Amino acid sequence: MDEPPKQKDTSTDTSAATGADTSTGADDFVIAPPKPPVPQIPPVPQIPAAPQMPAAPPLPMGAPPPPRPASPRRTGLIVLSVVLAVLLVASLGAGVWMFVASKKAVRAGGSRSVSWSLPYTWSGLEHPRMVRGLWFTDEAVVKALPDRVVGLDPKRGKQLWEVPTPGSGSVMCQASADSTGNVAVLARGSGEECHTFYAVDLTSGRTLWEHSLDPDDWAPDSTPRIARSGDVVVVSGKGRLTTAFRVSDGKQLWKDGDKGLYEGADDKDTCRGQGHTGGKQLVRIRRCLVGSADTASYAEAVDPATGRAKWRHRLGEHGTSGQVLATSPVVVDDPDQPYASMRLTVLGDDGAVRTRLEGEAKRRFALSGSDGSAPASDVQVKGDKLVMTLEAEEGDSDDNNRMAAWSLTTGKRLWEKRATGYLQTFHLVASESDDVLAYVAGNIHDAATLVRFDADTGVRTVVRRYRPTPSKAWIGSDPYPVIHGRMLYLSAGYVTEEPGTGIKSRQKSLIALPVS
């Protein structure tokens, strides 16, 4: 997707202390909060000129001098001081920053130190472009880049540590969303050959272990996928055996080709996990090929330690196109027509159908929705609500996408809201709160915004506005937004590295912005 045309930046550029490989270009994103009206200063009363007094008669010898009359200039200064003091007190209610805040603080709506960016690293190698790779520790914000993983100071973006991607000519091509225990799992390789996985300690950048997957003639063709549930991570790659490792020490626990993993002697060589999805439960789509005793497709809850199914739910005729969208509770897309629309089913703890979500759901919107780092970033469960971004209607010519919500208990569709503005789209914001939040990217016409939706009604309110089409910091067409603490982090999701072209200088891997 082409970037929107640049908009001339008229903001004042100021300098601040930053770390290596970071910039304050993110300040170009931030606009000032509304300025309160400046009170009108009343005119200072003019002191009339003193009349000409007749000369005083000479004093008798030894008489005391008369009192000295007040100076007109001194009287005027006293009056002006009183007026200014009154105005200063009155202005406190409107914000004393009108008098004392620096220009850059007013422009950014806060301290410069809470707005920074990390440039995108040009790898020069082919690799999947849908990678989240953003985590947080007590001391750092950690970002995965094609050539390295970096730990950054959350206040100013200063680099604290880095660990290069292992292997000559190798780039990082996938990263887990989960970083429980401050350990992340990543994949590396070159081009389509991306089947080596490694774990990184996010507090130090130390590589803990590394494994390459075995080739498999029956493995489904897919992008590298990382699904984590607790201390178990299940990884897969194109033409490679899906394998489970213990995150803490890298020990192999099981793999798809193990004897007895799938029931039935005829199934052991022809059934494979189409894709595992992690979270509070580990769930997979099981696909069996022609010649198996059972060629149907199933959604299965899996024991992470053994890979054995705890329960299974038989999918419909087009189950091979099914996807697991959430794992607590389990929500599957079980389409009754391929590539047309979704059929959303909520499963209970035993795999039985709990409810089906009503209404024909349009296809999911987010490009990073199936980026291989489960669970999906364009679907969220908030209490009893499931919220999802959807594609624009066929008749829409402006590409505005939609946000919709359902009740998981009744299946009722609660609301659907359409994005507004020029080519603007909703991107669900990951956060630990119960709020339904979305980031709306800016362009040459409309400001970027952080918005909140009422989970029951869909009523939308603006939390914060940002600059349209920043000229110094561009995050791309499909950002992965996360709120951590009081900051909004935008992680690049879609970056094009075409042969013979370079990354524009304003392209960033990460932008940190104030929320309030």
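Computed from a prediction, not measured in an experiment: that's the story for all the values here.

**Quick word on the overall build of the chain**
Phase 1: Along the backbone of the chain there are three helices and 32 strands.
Phase 2: At a minimum sequence separation of 6, the contacts of the chain that also span at least 24 residues come to 52%.
Phase 3: Summed over all atoms, the accessible surface of the chain reaches about 24,900 Å², with 52% contributed by carbon and sulfur.

**Describing the pairing of strand β14 (residues 271-277)**
Phase 1: Burial of β14 is extensive: six of the seven residues sit out of reach of the surface.
Phase 2: The sheet contact formed by β14 and strand β15 (residues 282-288) spans six bridges and is antiparallel. Bridging across to β15, Arg272 finds its partner in Arg287.
Phase 3: Linking β14 back to β15 in an antiparallel pair, the connection comprises four residues, with Gly279 at a positive phi of about 125°.

**Structural notes on the confidence of the model for the chain**
Phase 1: Taken over all residues, the pLDDT of the chain has a mean of 77, while the share at 70 or more is 69%.
Phase 2: When pLDDT is averaged over each element of the chain, strand β12 (residues 243-246) comes out on top at 97 and helix α2 (residues 97-100) at the bottom at 23.
Phase 3: The low-confidence segment residues 32-39 (pLDDT under 50) makes 13 contacts with residues lying over four places distant or belonging to another chain.
Phase 4: pLDDT under 50 marks residues 53-113. Its contacts with residues more than four places away, or in other chains, come to 62 contacts.

**Regarding the pattern of salt bridges**
Phase 1: Scanning the model with the defined rule gives 15 salt bridges in all.
Phase 2: Between Asp147 and Arg148 there is a salt bridge; the shortest N-O distance is 3.2 Å.
Phase 3: Since its relative accessible area comes to 9%, Arg148 is described here as buried.
Phase 4: Here Arg452 makes a salt bridge to Asp435, at a shortest N to O gap of 3.4 Å. A residue pair is termed long-range when its members are at least 10 positions apart, and Arg452 in strand β28 (residues 448-453) and Asp435 in the loop between β26 (426-428) and β27 (436-440) qualify at 17 residues.
Phase 5: For Arg452, a relative accessible area of 32% translates into the label partly exposed.
Phase 6: You can call Asp435 partly exposed: its relative accessible area is 31%.
Phase 7: Because the salt bridges share partners, they merge into one network encompassing Arg284, Arg286, Glu300 and Arg312.

**Side note on the sheet that holds strand β5 (residues 159-164)**
Whenever strands of a sheet pair, they do so through backbone hydrogen bonds, lying parallel or antiparallel.
Phase 1: The strand order β2-β3-β4-β5 describes an open sheet built from four strands, whose pairing is antiparallel. Edge positions in the sheet fall to β2 (134-136) and β5, since each has one partner strand and no second. Averaged over all pairs of adjacent strands, the angle between their axes in this sheet comes to 15°, without regard to strand direction.
Phase 2: Judged from the four bridges that link them, strand β3 (residues 141-144) and strand β4 (residues 148-152) form a sheet pairing that is antiparallel. Residue Val141 lies in a different strand from β4, and its bridge partner there is Leu152.

**Some thoughts on the state of the cysteines**
Phase 1: Inspection of every chain in the model, using the stated rule, returns one disulfide.
Phase 2: Here Cys173 is linked by a disulfide to Cys194, with a sulfur-sulfur distance of 1.6 Å. Judged by the torsion about the S-S bond (65°), the Cys173/Cys194 disulfide is right-handed. Residue Cys173 is found in strand β6 (residues 171-175), and its partner Cys194 is found in strand β8 (residues 193-201); the two are separated by 21 residues along the sequence.

**Quick look at the environment of Thr196**
Phase 1: In this structure, Thr196 sits in strand β8.
Phase 2: The spatial distance from the C-alpha of Thr196 to the C-alpha of His211 is 5.7 Å, given a sequence separation of 15 residues.
Phase 3: Within the structure, the side chain of Thr196 is placed 2.8 Å from the side chain of Ser212, a separation counted as a polar contact.

**Here we look at the sheet that holds β8**
Phase 1: Strand order in the open sheet formed by four strands is β6-β7-β8-β9, and the pairing between neighbours is antiparallel. Looking along the sheet, the strands with just one partner apiece sit at the ends: β6 and β9 (207-212). Ignoring which end each strand starts from, the neighbouring axes of this sheet average 30° apart.

**What about the packing of aromatic side chains?**
Phase 1: By the definition in use, this model includes five aromatic pairs.
Phase 2: Between the aromatic rings of Trp116 and Tyr489, the centroid separation amounts to 6.4 Å while the plane-to-plane angle is 65°, which identifies the pairing as edge-to-face. Of the two residues, Trp116 sits in strand β1 (residues 116-119) while Tyr489 sits in strand β31 (residues 487-491), which places them 373 residues apart along the sequence. Just as Trp116 is buried, Tyr489 falls in that class too.
Phase 3: On the numbers, 5.6 Å between centres and 40° between planes, the contact of Trp209 with Phe245 is tilted. Within this pair, whereas Trp209 is found in strand β9, its partner Phe245 is found in strand β12, the two being separated by 36 residues in sequence.
Phase 4: Judged by relative accessible area, Trp209 falls into the buried class, the value being 7%.
Phase 5: One aromatic cluster in this structure is built from Trp116, Phe136 and Tyr489.
Phase 6: Over the ring of Tyr480 we find Arg132; its NZ or CZ atom is 5.4 Å from the centre of that ring.

Reading the values: the criteria
- Residues numbered from 1 in each chain as written.
- Predicted model: local features only at pLDDT ≥ 70, side-chain atom pairs only at ≥ 80, totals over all residues.
- Heavy atoms only, no water.
- Helix = DSSP H or I, 4+ residues; strand = E, 2+ residues; numbered from the N terminus.
- Contact = heavy atoms within 4.5 Å.
- Areas by Shrake-Rupley, 256 points an atom, 1.4 Å probe, with all protein chains shown as cover.
- Buried < 20%, exposed > 50% of the residue type's maximum accessible area, 1.4 Å probe, protein only.
- Pairing = 2+ DSSP bridges.
- pLDDT = per-residue confidence, 0-100.
- Salt bridge = Lys/Arg side-chain N within 4 Å of Asp/Glu carboxyl O.
- Axes fitted to C-alpha atoms, helices over the stretch in contact; angles between N-to-C directions.
- Disulfide = S-S within 2.5 Å.
- Polar contact = N/O pair within 3.5 Å; in protein donor to acceptor, adjacent residues only side chain to side chain.
- Phe/Tyr/Trp six-rings, centres within 6.5 Å; stacked < 30°, edge-to-face > 60°.
- Lys NZ or Arg CZ within 6 Å of the ring centre and 35° of its normal.

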